[in-house]
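Now for the letters of each chain:
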Amino acid sequence: MNVRVAYGTQGLELDLPETTLVIEPSETPGLPDEAASFRSAVRAPIAAPPLRELIDSRDRVVIVTSDVTRATPNERLIPWILDELGHVPSAQITVIIGTGSHRATTPAEMEQMFGRAVLDRVRVVDHDAHDPTQVALVGTTSRGAKAYLNAQYVTADKRIAAGFIEPHLYAGFSGGPKAIMPGIAGIETVKFFHSFRMIGDPGTTWLNLESNPTQEMCREVAAMAPPSFIVNVTLNARREITGFFCGDYREAHLAGCTACKAQTAQAVPHRFDVVVTTNGGYPLDQNLYQCIKGLSAAMSIVKPNGTIVMCAELSDGLPEHGNFKDIVRARSSPAALLEMIGAPGYSVYDQWAAQSQALVQNHAKVLLHSSLPDDTIRGAMLTPVRDPSAAVREALSQIGEGATCAVLPHGPYVVPYVGETALV
């Protein structure tokens, strides 16, 4: 059968066996009038006053939103928010891009994300987790982590967090408090959040909000300097907005997670010998660092010692920025890599992505189809394939009669599970 999967901006056609199970999110139509739905949501929000009434014309306002690796429709959300705040002078509003520990946004990306009209209207800046002058200490968590957050955010009179709720392999779901922690946290705080123990905890997983140490840290740090209001959305595969969840950052987020789970969690009857996955196409499949999401989704339904075929364009490489490339090249096997990262005293930002990749590779063989040179892929401990369809058939033939196959065309934008899934 022909299956079109997300890959870069153009997609990719695969020829897979007729018995392949295609696992997709529930078909959810986009809202017929997104702008009107936005206005209704912010004027009758969840557990909060209307946005217009909440913010005074004299307030200094910060709007935090996600960076270029996320599908958040900033080109729509930010202009709508600014229009709703028309009574606030533009000079009093700053948009902060929550980069976490990611690289800075290029000028071209910034214009693509927001549009020239927004950039001409208000100040838009990147958060820089690595710059100690940009952050302020707001407290210490119950696990002993020093909580540093963006100082402009902390000192603002009113704080708005805009974001996209999707399943997340660590925090259960994105959105809500995750925009603050780790979105605008200092690097020391980010490293604790992604530490070997936190990532390795059984509660750190898809769709789980309770007894999840990473989600608990998101909530705990956000509560030290909470958003005054959130504007969160759910999206379908066409990046159409399917729902607005606006208001209190806890209550609105929980409502959004419940809706997101209904759209994205999909039960399957059993594990499979071969699972084909993606990283959801652009912007999430820009680099291998981000591909832990699609790999982790596939890991949840592939048999032990099975095969995962990842299709991700990787236009941004491994990437070359950050530490991920050096960490995955530092050892010759996933087991040795996990031993290195788990050693007492080891703490390097980006280690979490390498740890997650190694955990997947300890469970299954990983083949990668991308735009990268084969040597680069092998250097990251993965096996390159030029023809993913042929690679699937070869893997199935090695198993023999009765071999099973599934495909996740949208990668981590759907979370497959066998048996019972975690409750929100």
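Before reading further, recall that the structure is shown in the block above.
Residues numbered from 1 in each chain as written. Predicted model: local features only at pLDDT ≥ 70, side-chain atom pairs only at ≥ 80, totals over all residues. Heavy atoms only, no water.

Q: Mind laying out the overall build of the chain, listing which residues take part and the relevant values?
A: Counting secondary structure elements, the chain contains 16 helices and 20 strands. Taking 22 Å as the expected radius of gyration for a compact globule of 424 residues, we find that the chain reaches 21 Å, a close match to that expectation. Dimensions of the chain, computed from C-alpha atoms along their principal axes, come out at roughly 70 × 50 × 40 Å. In the chain, which comprises 424 residues, the proportion classed as buried is 59%. Taking the intrachain contacts of the chain between residues at least 6 apart in sequence as the baseline, contacts between residues at least 24 apart amount to 75%. A total of about 16,200 Å² of accessible surface is found on the chain, and carbon and sulfur atoms cover 51% of it. Side chains of the chain carry 34 positive and 44 negative charges; the gap between the two charge centres is 4 Å. (Helix = DSSP H or I, 4+ residues; strand = E, 2+ residues; numbered from the N terminus. Rg over C-alpha atoms; globule rule 2.2 N^0.38 Å. Buried < 20%, exposed > 50% of the residue type's maximum accessible area, 1.4 Å probe, protein only. Contact = heavy atoms within 4.5 Å. Areas by Shrake-Rupley, 256 points an atom, 1.4 Å probe, with all protein chains shown as cover. Lys, Arg positive; Asp, Glu negative; His and termini not counted. Charge placed at Lys NZ, Arg CZ, Asp CG, Glu CD.)

Q: Describe the sheet that holds strand β19 (residues 405-408), and please don't skip the residues or the numbers.
A: The strand order across the open sheet formed by six strands is β3-β19-β15-β16-β17-β18, and the pairing between neighbours is parallel. Because the sheet does not close on itself, it has two edges, and the strands there are β3 (21-22) and β18 (383-384). Where strand β15 (residues 272-278) lies against β19, four bridges are found, and the strand directions are parallel. Looking at the pairing, Val-275 lines up with Ala-406 of β19. Across the face of the sheet, helix α11 (residues 292-299) comes into contact with β15, β16 (302-311), β17 (365-369) and β19 while running at roughly 145° to β16. Taken strand by strand, helix α14 (residues 351-363) contacts β16 and β17, and its axis lies near 125° from that of β16. (Pairing = 2+ DSSP bridges. Axes fitted to C-alpha atoms, helices over the stretch in contact; angles between N-to-C directions.)

Q: Quick one: what's the story with the nonpolar core, residue by residue and with numbers?
A: Among the nonpolar cores identified, the biggest contains 83 residues, and Leu-149, Tyr-153, Ile-180, Leu-288, Ile-308 and Leu-337 are the most heavily contacted of them. Of all the elements, α14 adds the most residues to this core, at five residues. (Core = buried A, V, L, I, M, F, W, Y, C linked by side-chain atoms within 4.5 Å.)

Q: Residue-level account of the side chain of His-168, with values.
A: Note on placement: His-168 falls in strand β10 (residues 167-168). Here the side chain of His-168 touches Ala-171 through a polar contact of 3.1 Å, landing on its backbone nitrogen. Among residues more than four places away in sequence, those in contact with His-168 are Phe-173, Ser-174, Lys-178, Thr-205, Trp-206, Leu-207 and Lys-293. (Polar contact = N/O pair within 3.5 Å; in protein donor to acceptor, adjacent residues only side chain to side chain.)

Q: Can you break down empty space enclosed by the protein residue by residue, with the values?
A: Summary: where empty space remains is shown by rolling a probe the size of a single water molecule over the atoms. In the structure shown here, the tally under the stated rule is one cavity of 30 Å³ or more. A volume near 410 Å³ is recorded for the largest cavity. Mapped onto the lining of the largest cavity, the elements with two or more residues apiece are β4 (61-66), β9 (158-164), α7 (187-193) and α11. Among the elements that take part in the lining of the largest cavity, β9 stands out by supplying three residues, more than any other. Taken together, the residues of the lining of the largest cavity break down into eleven nonpolar, 15 polar and five charged. (1 Å grid on protein atoms, 1.4 Å probe; cavity = no way out; pocket = protein on both sides within 12 Å on 5 of 7 lines; lining within 4 Å. Points joined across faces, edges and corners; volume = space filled by probe spheres on them. Nonpolar A, V, L, I, M, F, W, Y, C, P; charged D, E, K, R; others polar.)

Q: Before we move on, can you summarise unusual backbone geometry with the specific residues and values?
A: For the peptide bond that leads from Tyr-282 to Pro-283, omega is 10°, which places it in the cis range. Omega for the peptide link from Leu-318 to Pro-319 comes to 15°, which places this bond in the cis form. Positive phi values are uncommon outside glycine, yet Leu-207 reaches one of about 65°. Summarising the element assignment, Leu-207 is placed in the loop between α8 (196-200) and α9 (213-224). If you check the backbone angles, Met-381 has positive phi at about 70° while not being a glycine.

Q: An account of the pattern of salt bridges is requested, with residue identities and associated values reported.
A: Going through the model one piece at a time under the given rule, you end up with 24 salt bridges. The salt bridge partner of Arg-219 is Glu-210, with a shortest N-O separation of 3.6 Å. A relative accessible area of 30% places Arg-219 in the partly exposed class. The partly exposed category is assigned to Glu-210, whose relative accessible area is 43%. One salt bridge connects Asp-326 with Lys-325, and the closest N-O pair in it is separated by 3.6 Å. Several salt bridges share partner residues, and in doing so they unite Glu-34, Glu-75, Arg-76 and Arg-239 into one network. (Salt bridge = Lys/Arg side-chain N within 4 Å of Asp/Glu carboxyl O.)

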